[in-house]
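Examination of the molecular architecture
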Amino acid sequence: MDISTIIAGLLTLIIFSFLYKDNPFYKMAESLLIGVSIGYVLVITWSNTLMDMLFEPLFSNAELSLIIPLFLGLFMLGRFSDKTVALSRIPIAVMIGSGAGIAIPTMLYNRTIKQLTASVMPIFTESGGLNISGIVVIVGLLSTLAYFYFSREHKGKFGAFAKLGTYFLMIFFGTTFGYTVMSRMSTFIGRMEFLLSDFLKITQ
Amino acid sequence: MNRQIPLIVCFSFGLIMFLQYFSNHTIARTMNLAILDYWQIIFAFTLVLGVVSYIKANMTKISRGIDRPYLIVGLLGMISMPIMALIWGIKADSPFMWMFENVQAPMASTVFALLAFFVASASFRGFRARSMQASILLGAALIILLSRSNLPIPYTEHLSEFADWIRNYPSMTARRAILIGIGLGSLTTSMRVILGIERTWLGGEK
Amino acid sequence: MVTTYDPYLASHQMTAMIGGLRGAAEYEKLLGMKGGGSRGMLAQSAAHLYVIFLIVLGNIFYFRNKKKGARQ
C-alpha cells in the first residue's frame, strides 16, 4: 500500500472518530482541513484569476485597461486601515452595482417569466378529461405564492388557500429531505468503500 | 463625500450593466465581458483580504494561547500550499495536487459523510407526525426513500412512478413558487440598490 | 440537491439531470457498464431502509407516549 492511501485512510478515520466524541485528533484534522482548503483556493485563485486574467495580460501583453481592476482590487485592501477604509467602498460599489444591474433582467427573465410561462399547462387532456398534473401545478403555485404574500392577513378563504400552499411546501421539503438522505448516504458509502477496499483491503 | 462617491459608482455600474442587456453592439458585449472579468479580479483581492484576516485572527489567538496547537496546524497547512505551488508548480503530479487529493479531498468528503449519521439521528428524534403538515412531509420523504431503493417489494414500478410524479409536480411547483419569490425579491432589491435606497452595503458611518 | 433544480428541468431551461447514486447506477446501466454507482446501490438501499425504520420507530414511540399521556 502506498503512503498516499495510508495518509488519506488515517485522516478519514480521524474525521470519523468525531462520531465517538470530540477529540484532539479530530480538532487537529479539522484545523488542517480548513488551512489546506484556504491554501488551495488561494493558489488556484492566484494562478487562474490574478495571474491569467490580470498580471500576465497587463504586464506581458500591455493591456492597459486592466489597470482599472488592479486599482479596484488594491482599494479593497484598504480595509486593513481605518484611514483607507473608505477606498474599499469603491470596489464594493462596482461589484454590488454591476451585480444588481445584471440581476434585474436575468432574474426577471429566468426565474420569474420563464417559470411562470412553464406553469401555464393545459387543464384538459386531448380526450376531454381533466389533466390532474396541470391542475396540481397551477393550484400549487398559486397557493404557495399566496402563503408568501404578506400584504394581506391570512384569514378566511385566503388563509385556507395559503394553508394549502404550506402542504405543497411540505411535500417539497419532504422530497428534499429524501434526496438529502440519499446524497449523505452516497458520500458515506463512498468513504466506506475507500476505507474497506483501498485502505484496509478487506473487500475488492 | 465618503458615501456619495460609492453611491454614484454603484448607480453608474448598475445602469451600464442593466442597459447592456438590451444591446448586441460590440462595445456593449465587450464592456459586459470586461466588467465580469473585473468582478473575478476584485473577488480574488477580497480573498487575499480574507486570508490575511484569517492569519491575523489566528496569530492573536495563538499569542493568547487559545487552542494553540490546532491553530498552528491550520496555519502550517495553509502556508504549505502556496509554498509547494511556488516550488513545484500545480501540475497534476505535483506535491500541491497530492495534498489536495490525499489530504483535502478525503477529509472534506468525510466531513460531509459524517452528516449521514446526523441525518439518521434526526430521522429518529425529530421526524414525528405531530400535525397534518408534518405528516405530509413525512409521507413525501418516506415515498421518495422507498422508491429510491432497489427493494424486491411488490408494485416497485408504480411506487417509483408515483415518487417521480410527486417530484415533478407538487414538489416542483412549491419550489417554483419559491424561485419566483426569489426572482421578484432580487429584482426589487437590485433596483433599491442601484437607486441608492438600499445602502446597508456601505457599512457603518466612518 | 436535485429537487432545487426541478423547476428548471420542467421549464426546459435545463435539459437533463442525474440525481444521486441511483442516478449514477441508472446511467451506468444505460451505458452498459458496471461501476461505483451500481456497486453502491445495495448499500444505498440498506441505508434508506435503515432511515425508514428509524422514522417509523420514532413515530411508534411518539404515538405510544402520546396515548400514555392521554390516559394519565
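Going along each chain's sequence as written, the residues are numbered from 1 onward. Following the order in which they are written, the chains are lettered starting with A and the ligands numbered starting with 1. Local features in this predicted model are restricted to residues whose pLDDT is 70 or higher, and side-chain atom pairs enter the listing and the counts only when it is 80 or higher, whereas totals over whole chains, interfaces and linings include all residues. Heavy atoms throughout the structure, all of them, feed into the side-chain values; hydrogens and water do not.

1. Structural notes on the pattern of salt bridges
Residues and elements named next belong to chain B. Just to be clear on terms, a salt bridge is a Lys or Arg side-chain nitrogen sitting within 4 Å of an Asp or Glu carboxyl oxygen. Applying the stated criterion across every chain, the model contains six salt bridges over all chains. With its nearest N and O atoms 3.8 Å apart, the salt bridge here joins Arg 192 to Glu 198. The cut-offs for exposure are 20% and 50% of the maximum accessible area for each residue type, with area from a 1.4 Å probe on protein chains only; residues under the lower value are buried, those over the upper are exposed, and the others partly exposed. Accessibility expressed as a relative area gives 38% for Arg 192, which makes it partly exposed.

2. Digging into the interface of chain B and chain C
Taken together, the 22 residues of chain B in the interface contact 25 residues of chain C. Contact between chain B and chain C buries roughly 2300 Å² in total, counting both sides, with carbon and sulfur atoms accounting for 67%. In short, buried area is how much 1.4 Å probe accessible area vanishes from two parts on joining, totalled over both. For chain B, the biggest contributors to the area lost against chain C are Phe 124, Leu 145 and Arg 167 of chain B; these three give 24% of the whole. Between the two partners, chain B and chain C, sit one salt bridge. A salt bridge links Asp 6 of chain C to Arg 167 of chain B; its shortest N-O distance comes to 2.9 Å. As used in this structure description, the phrase polar contact means that two N or O atoms lie within 3.5 Å; if the pair is within protein, one of them must be able to donate a hydrogen and the other to accept it, and residues adjacent in sequence are counted only when both atoms belong to side chains. The interface formed by chain B and chain C includes nine residue pairs in polar contact (both at pLDDT 80 or more). Pairs of residues are marked as contacts when any of their non-hydrogen atoms sit within 4.5 Å.

3. Looking at the layout of surface pockets
Buriedness of a pocket was judged along seven lines, with at least five required to meet protein on both sides within 12 Å; pockets are open sets of points on a 1 Å grid over the protein atoms alone, cavities are sets where a 1.4 Å probe fits but cannot get out, and lining residues have an atom within 4 Å of a point. Grid points are joined across faces, edges and corners, and a volume is the space filled by probe spheres set on the points. Looking at the largest pocket, its volume works out to about 340 Å³. Secondary structure elements are defined from DSSP: runs of H or I of at least 4 residues count as helices, runs of E of at least 2 residues count as strands, and each element is numbered from the N terminus. Listed by contribution, the elements that provide at least two residues to the lining of the largest pocket are helix H6 (156-194) of chain B together with helix H1 (2-10) and helix H2 (20-31) of chain C. If you tally residues by element for the lining of the largest pocket, the top one is H2 of chain C, at five residues. If you add up the space inside the second largest pocket, you get close to 270 Å³. Leu 42, Val 43, Trp 46 and Ser 47 of chain A together with Pro 82 of chain B are the residues nearest the centre of the second largest pocket, which is lined by 15 residues in total. Of all the secondary-structure elements, those providing two or more residues to the lining of the second largest pocket are helix H2 (24-60) of chain A together with helix H2 (26-64) and helix H3 (68-88) of chain B. When residues in the lining of the second largest pocket are grouped by element, the largest group, seven residues, is from H2 of chain A. Each residue receives one of three labels: charged for Asp, Glu, Lys and Arg, nonpolar for Ala, Val, Leu, Ile, Met, Phe, Trp, Tyr, Cys and Pro, and polar for the others, Gly being one of them. For the lining of the second largest pocket, a count of residues per class yields 12 nonpolar, three polar and no charged.

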